[in-house]
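Descriptive structure summary
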Amino acid sequence: MAFAVPVWLAVQEELLAQNEAECGASSCFDTFDDEALFQLFHLSRPCILFIADAVRIRMKDAAPKKSQLLVDEMVMVALNYYAHGVSTTAVLQKAGLRQTDCPTTVVGTISGVIAGMSDVFISFPLTLDARTNVALKIEKFCEIPNVLGVLAPAHFKIRASPYEKDAFRSFINALGYTSVVSQIICDCDGNILSVEKCCVGGTFEQEMWDSSFKGREMQEDLLSPFWLIGGKGYHLSKHVLTPVSLPANNNEIRFNEAHAKILDVMQTTLDSMKRRFKCLMQLGFAQEGSLNKQSNIIKACSVLHNIAKKFSVPPPPDAGKAEPLYPGKQQSGPVEIKQEALKARQEVIDSKFSAVSSSQDPSGSNVTEEDA
C-alpha cells in the first residue's frame with residue numbers, strides 16, 4: 001500500500017488485542033461458508049473480520065446511538081448493500097430485519113464510520129522518501145519521472161428530480177447522465193491515495209482541483225518537485241501533467257502513449273471498485289447542497305477497496321463492458337498555460353521519450369543523436 005506498513009501494524013495490534021479479549025465470541029458471519037461470504041459481500045472472511053473489528057473499535061470510541069443490532073450485524077448489512085446496491089433477503093433475515101425496517105439507516109451509520117477510517121487506510125505519501133519510492137515505481141511502470149499518482153474525476157450515477165430544473169441540470173455531466181463526482185488519486189498499483197470533494201456531476205474537474213486540499217497543497221509547492229498525471233479535463237500546470245493535445249513528432253507520440261498507460265490504471269481501479277461495490281453504479285436520489293450520504297458511501301467504498309487490496313481479495317468477475325474513464329468536461333474558450341509548465345513537460349519528453357533517450361553512455365549522459 002502507499003501508506004507506511006507501521007500504520008497497518010498498529011491497527012492490527014489493536015485488533016489482535018481486542019480479539020484476545022473477545023476470544024470465543026460468535027459472529028453473525030460464522031454461519032456462512034467462504035463461497036457464500038464472497039457472493040454476499042465480495043470480500044474474503046479474513047478481510048470481513050478485519051473490517052468488522054476496525055468498525056467496532058471506532059464505534060466504541062464514538063458512542064453511537066442505541067441500535068437493536070450488534071456491530072457485526074450492522075457491518076453485515078452495510079457490506080451486503082455495498083456489494084449489491086440492495087440489501088439481500090438472506091442478510092436481512094440473518095440480522096432479523098425486513099426491508100420495511102429501513103436498512104438504509106444502518107448503511108448510513110456504518111458508511112459514516114468507515115468513511116472516518118480514511119485517516120488510516122487512505123494515505124498520500126507524506127515523507128520525501130515515501131514520495132521518491134512511489135515516483136520510482138511509477139517511472140519503472142511508464143517511464144515518466146517524478147509522478148506521485150493519477151488524478152481523475154470519478155463519476156457515480158444518481159437520480160435527481162427533473163422537476164427541480166436548475167438542480168437537475170447541475171447534475172448532468174459531459175456524458176449526458178446525472179451523477180455526482182469525486183476527485184480521486186491512485187498509485188500505479190491501484191491503491192487509492194486520496195478521495196476529495198463530492199460535487200454535482202456538472203462540475204469542471206479543474207474547478208474541483210483548484211479548490212481541493214491536495215490541489216492547494218501542491219500549488220503551494222509543499223510536494224515539489226512531483227507531478228500528478230491528469231487527463232484532458234485538467235490544465236497543464238507545474239504539478240499536473242497532461243498529454244500533448246496535438247502531438248507533432250514521434251517523441252510527443254511516445255510520451256502520450258506512456259501518459260495513456262498510467263492514466264489507464266485509474267480506469268482499471270474505478271472498474272474494480274464498481275465491480276466489487278455495485279452500489280456505486282447507482283447512488284440513489286441526491287439533492288444539490290446535500291451530498292453527505294453519497295460522499296460517505298464513496299469514501300467508505302474507497303477505504304474498503306484499499307483494505308481488500310491489502311488482503312489480496314480479487315473483485316468479482318467482470319459481468320459486462322467496463323465503463324470508460326470520464327473524458328473530461330472541457331471549458332469553453334482558450335486556456336492560458338504558463339510557459340514554465342510547457343517547458344517542464346517538454347523537458348520530460350526530450351529526456352525520456354526521444355528516440356535515443358534510453359541509449360545512454362556508461363557515464364549516464366544522454367546520447368545527443370537527433371531523430372531520424
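Everything here concerns the structure above.
This text gives an overview of the structure that appears in the document. In this text the structure is predicted, and so the values were computed from the model without any measurement. (Residues numbered from 1 in each chain as written. Predicted model: local features only at pLDDT ≥ 70, side-chain atom pairs only at ≥ 80, totals over all residues. Heavy atoms only, no water.)

Describing helix α4 (residues 71-84)
- The terminal C-alpha atoms of α4 lie 20 Å apart, and with 14 residues this matches the ideal 20 Å at 1.5 Å per residue to within 8%.
- All of the buried residues along α4 are D72, E73, M74, V75, M76, V77, A78, L79, N80, Y81, Y82 and A83.
- Two residues or fewer after α4 comes G85, characterised by a positive phi angle close to 80°. (Helix = DSSP H or I, 4+ residues; strand = E, 2+ residues; numbered from the N terminus. Expected span 1.5 Å × (residues − 1). Buried < 20%, exposed > 50% of the residue type's maximum accessible area, 1.4 Å probe, protein only.)

Observations regarding the packing of aromatic side chains
- Throughout the structure, instances matching the rule amount to six aromatic pairs.
- When the centroid spacing of 6.3 Å and the interplanar angle of 75° are considered together, the rings of F32 and F41 count as edge-to-face. With respect to burial, F32 and F41 carry one shared label: buried.
- On the numbers, 5.7 Å between centres and 75° between planes, the contact of F255 with F353 is edge-to-face. Of this pair, F255 sits in helix α12 (residues 250-276) while F353 sits in the segment after α14 (339-352), placing them 98 residues apart in sequence. (Phe/Tyr/Trp six-rings, centres within 6.5 Å; stacked < 30°, edge-to-face > 60°.)

A short note on the pattern of salt bridges
- Scanning the entire structure with this criterion turns up nine salt bridges.
- Residue D72 pairs with R56 through a salt bridge whose shortest N-O separation is 2.3 Å. Placement of D72 in helix α4 and of R56 in helix α3 (residues 45-62) is noted, with a sequence separation of 16 residues between them. The pair formed by D72 and R56 is uniform in burial state, with each residue classed as buried.
- Residue R169 is joined to D166 by a salt bridge in which the shortest nitrogen-to-oxygen separation is 2.5 Å. You can see R169 and its partner D166 sitting in helix α9 (residues 165-171), three residues apart, about one turn around the helix.
- Since its relative accessible area comes to 59%, D166 is described here as exposed.
- Counted as one network, the salt bridges with shared partners bring together D53, R56 and D72. (Salt bridge = Lys/Arg side-chain N within 4 Å of Asp/Glu carboxyl O.)

Regarding α12
- End to end, α12 covers 39 Å across 27 residues, agreeing with the expected 39 Å (1.5 Å per residue, within 8%).
- The distance from a side-chain oxygen at the start of α12 to the backbone nitrogen of N251 is 3.1 Å, and the residue carrying that oxygen is N249. (Polar contact = N/O pair within 3.5 Å; in protein donor to acceptor, adjacent residues only side chain to side chain.)

Side note on the environment of G328
- With respect to the helices, strands and loops of the structure, G328 is situated in the loop between α13 (292-310) and α14.
- Residue G328 is classed as buried on the basis of its relative accessible area, which comes to 10%.
- Sequence separation between G328 and F204 is 124 residues; the distance between their C-alpha atoms is 7.8 Å.
- Setting aside its immediate chain neighbours within four residues, G328 contacts A174, E205 and G233. (Contact = heavy atoms within 4.5 Å.)

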